Amino acid sequence: PPAHSPSTRGLADSSHASQVLASGREALGMKGLLGFGCGFGALLALARGAITSRRAEGSDIAVKQKEDLAKVAYLKNVPRSVIEQETLEKLLSITPREEWENPPERSYLYAVKTYAEAYGAGKATKIGWWDFVCMKYLLPGTDDLPTKKVSDEAQKIEDLRMAGKVNMEVPVAGGWIDTGALIQWKGKEPFAGDLVQTPVTDGRWSKQYIANMAFYREGLQPWQRGIEIGMAHGYFLIGPFVSLGPLRATPEAATVGLLCGCAIIGIVSVGGLIFGTTIKPTRFDREGDKPAAGFIEMINWHALGGLGGAGFAHALLTLFGWVHATF
């Protein structure tokens, strides 16, 4: 026969198998070959047992689910015209068992219960066209229901949201990356707007930064707070007038900036004094002082510090020169 005929290939395969069997017998011996066969048979029996137990477990789950359905009255004989059996099973899989008998309103299962109790064998057998349209609008199709995994994930996110927690995400090009961390952005009452928390307002670094400011720092006298706040504001206030004012390209720019800075310091100080005499904040008052005495003392020293800070900035500009901007 030809070299590539089927009979030739069959003879070659059988001879190759005989050679492999002979080589295995030589390497293992009869006892080793017999032991190998017994081990392979035991492994195959274990695999079949696992498959059989898995099938039995699946059938047990199906039987238990049927028993649970039989316990709920309206689920015994739900007409196919109301909802398909496959859709109903998928709907029940994503609904907690304790909600089957009394599902929450505005849920799909509540709509199923409403129509199943009204229509079917031994009940109403005809439905108006408008009720039919409403039923098809309210009840879902198989593709409209999420899987149990997706439903559980959505419920987890909703529970975190109601607890005032959100996932911390980092912006990247074209989207966001979830870091896996959670941010507690609200307090115990989720609908109280005054309990909103952010990393800026409630972060550890932010709290330490604000606590170190002169207005909140512990251990300072009112005059110390006022002079520090005033010097900082006075020093920076003349800058915009010097570099952006109408006389920015003239030698008088620094002087004009000084005068404008002093004017703003004076306006703010007068406003602070009016606030202190009317609202009377007692944050910086010492024992035995009149109401708002500490606050008014701080405002007075704020005016002095502001004038000093503006004068110091003007002195630096005058001594080291002001490069006239040309626009």
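Residue indices follow the written sequence of each chain, beginning from 1 at its first position. Note on the predicted model: pLDDT of at least 70 is required for a residue's local features to be given, and 80 or more for side-chain atom pairs to be given and counted; whole-chain, interface and lining totals, by contrast, use all residues. Only hydrogens and water are removed before side-chain values are computed, so all heavy atoms of the structure are retained for them.

**Observations regarding helix α3 (residues 108-118)**
Categorising residues by exposure relies on relative accessible area from a 1.4 Å probe, with only protein chains included: less than 20% of the type maximum marks a residue as buried, more than 50% marks it as exposed, and the intermediate range marks it as partly exposed. Strands here mean DSSP runs of E at least two residues long; helices mean DSSP runs of H or I at least four residues long; both are numbered from the N terminus. Regarding α3, the residues found buried are Leu109, Ala111, Val112, Lys113, Tyr115 and Ala116. Here, residues are in contact when the closest pair of their heavy atoms is within 4.5 Å. Elements in contact with the buried residues of α3: α2 (85-93) and α4 (129-138). Count one or two residues on from α3 and you reach Gly120, which has phi positive near 135°.

**Some remarks on a negative patch on the surface**
Exposure above 30% relative accessible area and no salt bridge define the residues that can form patches, which grow by joining like charges within 9 Å and nonpolar side chains of Val, Leu, Ile, Met, Phe, Trp and Tyr within 5 Å. Working definition of accessibility: Shrake-Rupley area with a 1.4 Å probe, residue cover restricted to the visible protein chains. Salt bridge criterion: a side-chain nitrogen from Lys or Arg within 4 Å of a carboxyl oxygen from Asp or Glu. We score Asp and Glu as negative and Lys and Arg as positive, and we do not count His or the chain ends. Every charge is mapped onto a representative atom, which is NZ of Lys, CZ of Arg, CG of Asp or CD of Glu. Where like charges cluster on the molecular surface, the negative patch consists of Glu86, Glu89, Asp143 and Asp144. Structurally, Glu89 is set in helix α2.

**Structural notes on the nonpolar core**
Throughout, nonpolar core names a set of buried Ala, Val, Leu, Ile, Met, Phe, Trp, Tyr and Cys residues whose side chains join them through atoms within 4.5 Å. Among the nonpolar cores identified, the biggest contains 20 residues, and Leu75, Val78, Val82, Ile83, Leu88, Leu109 and Val112 are the most heavily contacted of them. Of all the elements in the fold, those that place two or more residues in this core are α2 and α3. Ranked by the residues each element gives to this core, the list is headed by α3, at 5 residues. Apart from residues lying up to four places away in sequence, Leu88 is in contact with Leu75, Val78, Ile83 and Val112. Judged by nonpolar contacts, the second largest core, of 6 residues, contains Ile238, Ala253, Ala310 and Ala313.

**What to know about the pairing of strand β2 (residues 175-184)**
The two faces of the sheet receive side chains in turn, since in a regular strand these alternate between them. Here 7 bridges tie strand β1 (residues 165-172) to β2, and the two strands are oriented antiparallel to one another. In the sheet register, Val172 faces β2, and the bridge partner there is Gly175. By the convention used here, strands pair only if DSSP detects at least 2 bridges between them. Hairpin geometry of β1 and β2 is characterised by an intervening segment of 2 residues between the two adjacent antiparallel strands and by a positive phi of about 85° at Gly174.

**A short note on the environment of Trp301**
Counting through the fold element by element, Trp301 comes out in helix α10 (residues 293-320). Put simply, Trp301 and Gln224 are 77 residues apart on the chain and 7.8 Å apart in space, counted from C-alpha to C-alpha. Not counting residues within four places of it along the chain, the set of residues in contact with Trp301 comprises Trp223, Gly226 and Ile227.

**Topic: α10**
With 28 residues, α10 should cover 40 Å at 1.5 Å per step; its first-to-last C-alpha distance of 41 Å lies within 8% of that length. Listed in full, the buried residues belonging to α10 are Gly294, Phe295, Met298, Ile299, His302, Gly305, Gly306, Gly309, Ala310, Ala313 and His314. On the buried face of α10, the contacting elements are α8 (222-244) and α9 (253-279). Looking one or two residues past α10, Gly321 carries a phi angle of roughly 85°, positive in sign. Here a helix's expected span is defined as the number of its residues, less one, multiplied by 1.5 Å.

**Let's talk about the layout of surface pockets**
Of the grid points, spaced at 1 Å and generated over the protein atoms alone, those admitting a 1.4 Å probe that cannot get out make up cavities, while open sets with protein on both sides within 12 Å along at least five of seven lines make up pockets; any residue with an atom within 4 Å of a point is treated as lining. Grid points are joined across faces, edges and corners, and a volume is the space filled by probe spheres set on the points. Volume-wise, the largest pocket comes out at about 490 Å³. Around the largest pocket, the lining comprises 22 residues; the ones closest to its centre are Ile94, Thr95, Glu99, Ser107 and Tyr108. Mapped onto the lining of the largest pocket, the elements with two or more residues apiece are α2, α3 and α5 (148-162). With 6 residues, the single largest contributor to the lining of the largest pocket is α5. Charged residues are taken to be Asp, Glu, Lys and Arg, nonpolar residues to be Ala, Val, Leu, Ile, Met, Phe, Trp, Tyr, Cys and Pro, and polar residues to be all remaining types, Gly included. Here the lining of the largest pocket is built from residues that sort into 11 nonpolar, 5 polar and 6 charged. Of the pockets and cavities examined, the second largest pocket occupies roughly 160 Å³. When residues of the lining of the second largest pocket are traced back to their parent elements, those giving at least two are α8, α9 and α10. Among the residues forming the lining of the second largest pocket, the class breakdown is 7 nonpolar, 4 polar and no charged.

**Thoughts on the packing of α9 against α10**
Closest axis-to-axis distance for the α9/α10 pair is 9 Å, and the angle between their directions is 175°. It follows that α9 is roughly antiparallel to α10 by the angle criterion. Residue-level contacts link Ala254, Thr255, Leu258, Cys262, Ile265, Val268, Ser269, Gly272, Leu273, Phe275, Gly276 and Thr277 of α9 to Phe295, Ile296, Ile299, Asn300, His302, Ala303, Gly306, Leu307, Ala310, Gly311, His314 and Leu317 of α10. Fitted lines through C-alpha atoms give the axes, limited to the stretch in contact for helices. The angle between two N-to-C directions lies from 0 to 180 degrees. Any angle that is under 35 degrees is reported as roughly parallel, and any over 145 degrees as roughly antiparallel; angles of 65 to 115 degrees are reported as roughly perpendicular and all others as oblique.

**What to know about a nonpolar patch on the surface**
There is a patch of nonpolar side chains on the surface, built from Ile127, Trp129, Trp130, Phe132 and Val133 and spanning about 560 Å² of accessible area. With respect to the helices and strands, the residue Trp130 is situated in helix α4. A residue is classified by how much of its surface remains accessible, and Trp130, at 53% relative accessible area, is exposed.

**Focus on the state of the cysteines**
In what follows, a disulfide is any cysteine sulfur pair within 2.5 Å. As enumerated under the stated definition, the model contains 0 disulfides in all. Looking at the unpaired Cys260, the closest cysteine sulfur is the one in Cys262, lying at 9.3 Å.

Function cannot be read off these values alone, since they describe shape.
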